[in-house]
Structures are given as C-alpha cells and as structure tokens.
Amino acid sequence: MRSAVLVLLSEVPMHGYQLMHAIADRTDGRWQPSPGAIYPTISQLEDEGLITVTSSSGRKLAALTDAGRAHLAGNTAAPDPFASFDSSEQYVDLRGQLDKLHAVVRLVGQTGTDAQRAAAEGIITEARGAMYRLLADDVDTDRD
C-alpha cells in the first residue's frame, strides 16, 4: 500500500478518495483499497515525512515531499506495486462474485423461512469445503 500511494503521489497530489480510485483504476478493479487501508497509510507516510497533508475546502490533500521523492529515487530496486496487475492476464473477479453471494445470503437470512436458512447454511458449508479442496488441488479446474 505504501509503495502504491508514494508512486501515485509522485505524479500528482491527491485526496485519500482519489488515491483509492486511482489504485482501483491502475489495477482494473482488482485492488480496491478501503478507507481503513488508505488513511492509516497516509498518516504513517506523513509521520515519516515522506508526504505532507494540507487541508483545503474541508478535504485533506496529500503530496509527496522532497524526502518522499528521494525515498522513491533511492528504492529503484523495489518492485512496481502495480506490476502484478498486468492487464493482459485474464482476470477473474472473485471479490465481485463474493459480494453478490453475500447479498443473496443476507436476503435469505432476512426474508427466508427457517427451512431456507437451514438449507443456505448447508450450501455455504459445502462451498467452503469445495474451496479448501480446490486449494488442496483436489478439484478438477478444467472448465468448459
């Protein structure tokens, strides 16, 4: 997270919200940091003197300091924080699918009958087991 924030701020000062969206844009949505990840990172980088934060119109704008530029220049061997999100690779949006699953599970929990909630519990338990089997290479991953 630190590297991504520093790289983005080396291009232009940004608000925390802009940083979250810039990271999501750079990774085609595969990395979507939350405010709970961005804002503590901004505070830590400010404490280290690598960025400054100024208030303008009720928003806090983060900008790279000279020390931050020197830090980036001195860490040329550090990996590009966005390199692992190569857009040429096929991306499977597991987070999006999990969000959709979560929504329907909540709906069953709120409006389903006792029998439907019990069945949902069994389905979720089966799915969790299937995911562990997948990680153990005990599932055929060839899909048509």
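As a reminder, the structure under discussion sits directly above these lines.
First, a word on scope: everything that follows refers to the structure included in this document. Bear in mind the structure is a predicted one, so any value in this text is a computation, not a measurement.

Cut-offs used in this document
- Residues numbered from 1 in each chain as written.
- Predicted model: local features only at pLDDT ≥ 70, side-chain atom pairs only at ≥ 80, totals over all residues.
- Heavy atoms only, no water.
- Helix = DSSP H or I, 4+ residues; strand = E, 2+ residues; numbered from the N terminus.
- Buried < 20%, exposed > 50% of the residue type's maximum accessible area, 1.4 Å probe, protein only.
- Contact = heavy atoms within 4.5 Å.
- Axes fitted to C-alpha atoms, helices over the stretch in contact; angles between N-to-C directions.
- Parallel < 35°, antiparallel > 145°, perpendicular 65-115°, else oblique.
- Left-handed = near helix turned anticlockwise from the far one by under 90°.
- Nonpolar A, V, L, I, M, F, W, Y, C, P; charged D, E, K, R; others polar.
- Pairing = 2+ DSSP bridges.

Observations concerning the environment of L61
Alright, step 1. Relative to the assigned elements, L61 resides in strand β3 (residues 59–64).
Alright, step 2. Taking relative accessible area as the criterion, L61 reaches 27% and is therefore assigned partly exposed.
Alright, step 3. In this structure the C-alpha to C-alpha distance between L61 and P13, which are 48 residues apart in sequence, comes to 6.5 Å.
Alright, step 4. Ignoring anything within four residues of it in the chain, the contact list for L61 reads P13, M14, H15, Q18, T52, V53 and T54.

A word on the packing of helix α2 (residues 16–26) against helix α3 (residues 35–47)
Alright, step 1. For the pair α2 and α3, the least separation of the axes is 10 Å and the interaxial angle reads 120 degrees. When the axis of α2 is compared with that of α3, the two are oblique. In this structure, the crossing between α2 and α3 has a hand that is right-handed. Between α2, through G16, Y17, L19, M20 and I23, and α3, the contact on the second element is made entirely by P35, I38, Y39 and I42.
Alright, step 2. In the contact of α2 with α3, the residues fall into eight nonpolar, one polar and no charged.

Considering the pairing of β3
Alright, step 1. With two bridges connecting them, strand β1 (residues 14–15) and β3 associate as antiparallel partners. Residue H15 lies in a different strand from β3, and its bridge partner there is L61.
Alright, step 2. In this structure, strand β2 (residues 51–56) lies alongside β3, joined through six bridges in antiparallel fashion. Bridging from a neighbouring strand, T52 pairs with A63 of β3.
Alright, step 3. Counting the residues in the hairpin turn of β2 and β3 gives two residues, including S57, whose phi is positive at 55 degrees.

Describing the packing of helix α1 (residues 2–11) against α2
Alright, step 1. Running from N to C, α1 and α2 point in directions that differ by 100 degrees, and their axes come no closer than 10 Å. In terms of orientation, α1 lies roughly perpendicular with respect to α2. Judged by residue contacts, A4, V5, V7, L8, L9 and E11 of α1 engage L19, A22, I23 and R26 from α2.
Alright, step 2. Within the contact of α1 with α2, the residues separate by chemical class into eight nonpolar, no polar and two charged.

Remarks on α2
Alright, step 1. Taken together, the buried positions of α2 are G16, L19, M20, A22, I23 and A24.
Alright, step 2. Looking at the packing, one finds that the buried side of α2 touches α1, β1, α3 and β3.
Alright, step 3. Looking at the residues trailing α2, positive phi occurs at D28, about 50 degrees.

Concerning the sheet that holds β1
Alright, step 1. Strand order in the open sheet formed by three strands is β1-β3-β2, with antiparallel pairing between adjacent strands. Two strands bound the open sheet, and with one partner strand each, they are β1 and β2.

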